[in-house]
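Fold and contact review
Below, each chain spelled out in residue letters.
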Amino acid sequence: KDLGHAIACARPCIGNSPFVVMLPDVLIDDAACDLSKDNLTEMINNFRHSHKSQVMVEAVPDNQVSNYGIVDCAGVVLNQGKATPMLAMVEKPTLKDAPSNQSVVGRYVLSHAIWDILESTPVGAGGEVQLTDAIATLMEFETVEAYSMVGKSHDCGSKVGYMLANMEYGLRHCEVKQAMTDFIISQRHSLVNAEP
Ligand code: G1P
């Protein structure tokens, strides 16, 4: 029954402890960033310090808002690498109903209180048990923060996101970048002549 149910199934392995969720179809690309610690390490440190659950977010264009969980931070401008308390979170809203364009990126540090909530979260959007709904319930009891990621994400759960990630990583990888560059250049005529 999707993400919320899958996580609930892991409870016997983890026990009644806080834990991290990493969605493996989202790649976090910090190659161009000057980070002393990576994003997830920052989130874990924030949780250790404040005991506030953390949800990684990144701004998306309007036409992608309905593909993601979207957070409401009361209009506060989010600073990259910093965490801000959330007011609400909604799964795949229409643009009209979206509280912002800050999307959930697939990394979470969650308090143990989410376990019981997950087990009683009903099926939501798309007929799935949504982690987003469980976190929205958690917010009724505890502060949850949106952590604004540094770098960029690749959504490899979409076909185009998967292909673009391969291109971006490939074009900077010493082993394959020359072959990829040669191929792209060899295709330039069909690219120029492509129908809009
Ligand atoms: C899941 C989450 C969503 C999040 C997304 C990130 O959706 O439910 O909140 O924004 O991952 O990729 P899915 O991609 O499984 O539809």
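Heads up: the structure comes first, above all this text.
So, here is what we can say about the structure in this document. Note that the structure is a prediction, hence the values are computed from the model and not measured.

1. Notes on unusual backbone geometry
Even without a glycine there, the phi angle at H51 is positive, about 65 degrees. Relative to the assigned elements, H51 resides in the loop between α3 (39–50) and β3 (53–59). Despite not being glycine, K92 has its phi angle at roughly 45 degrees, a positive value. Residue placement: K92 occurs in the loop between β6 (88–91) and β7 (102–110).

2. A word on the pattern of salt bridges
Taken as a whole and judged by the stated rule, the model has 6 salt bridges. Two residues, D29 and R172, come together in a salt bridge whose shortest N-O distance is 2.9 Å. In this pair, D29 sits in strand β2 (residues 26–29) while R172 sits in the loop between α6 (159–170) and α7 (177–186), placing the two residues 143 residues apart along the sequence. When its relative accessible area of 6% is taken as the criterion, D29 is described as buried. Owing to a relative accessible area of 40%, R172 belongs among the partly exposed residues under this scheme.

3. Digging into the pairing of strand β4 (residues 69–72)
Alternating residues of β4 divide into G69 and V71 and I70 and D72, and every residue in both groups is buried. In this sheet, β6 lies alongside β4 in antiparallel orientation, the contact comprising 4 bridges. Bridge pairing in β6 places I70 opposite V90.

4. Considerations on α3
Under the 1.5 Å per step criterion, the end-to-end length of α3 is 16 Å for 12 residues, consistent within 8% with the ideal 16 Å. Along α3, the positions that sit buried rather than exposed are N39, L40, M43 and F47. All buried residues of α3 fall inside an arc of 95 degrees around its axis, so they share one side. Within α3, the exposed residues directed more than 90 degrees away from the buried face are R48 and H49. Buried positions along α3 lie against β1 (19–22), β2, β3, β7 and β8 (144–148). Backbone nitrogen of L40 and a side-chain oxygen of the N-cap are separated by 3.2 Å at the start of α3; the cap is D38. Two residues or fewer past α3, H51 is found with a positive phi of approximately 65 degrees.

What counts as what
- Counting restarts for each chain: residues are numbered from 1 in the order of the written sequence.
- At least 70 in pLDDT is required for a residue's local features to be given in this predicted model, at least 80 for side-chain atom pairs to be given and counted, and no such filter applies to totals for whole chains, interfaces and linings, which use all residues.
- With hydrogens and water excluded, all non-hydrogen atoms of the structure serve as input to the side-chain values.
- Starting at the N terminus, helices and strands are each numbered in turn, a helix being any DSSP run of H or I of at least four residues and a strand any DSSP run of E of at least two.
- For salt bridges, the criterion is a side-chain nitrogen of Lys or Arg within 4 Å of an Asp or Glu carboxyl oxygen.
- Only protein chains enter the accessibility calculation, which uses a 1.4 Å probe; a residue whose area is less than 20% of its type maximum is buried, one above 50% is exposed, and one in between is partly exposed.
- The rule for pairing is simple: two strands pair if DSSP sees at least two bridges between them.
- A helix's residues, less one, multiplied by 1.5 Å, set its expected span.
- What the arc covers is the set of directions going from the helix axis to the C-beta atoms.
- Between two residues, a contact is recorded if the distance between any of their heavy atoms is within 4.5 Å.
- Two N or O atoms form a polar contact when they lie within 3.5 Å of each other; inside protein one atom must be a possible hydrogen donor and the other a possible acceptor, and for residues adjacent in sequence the pair counts only when both atoms belong to side chains.

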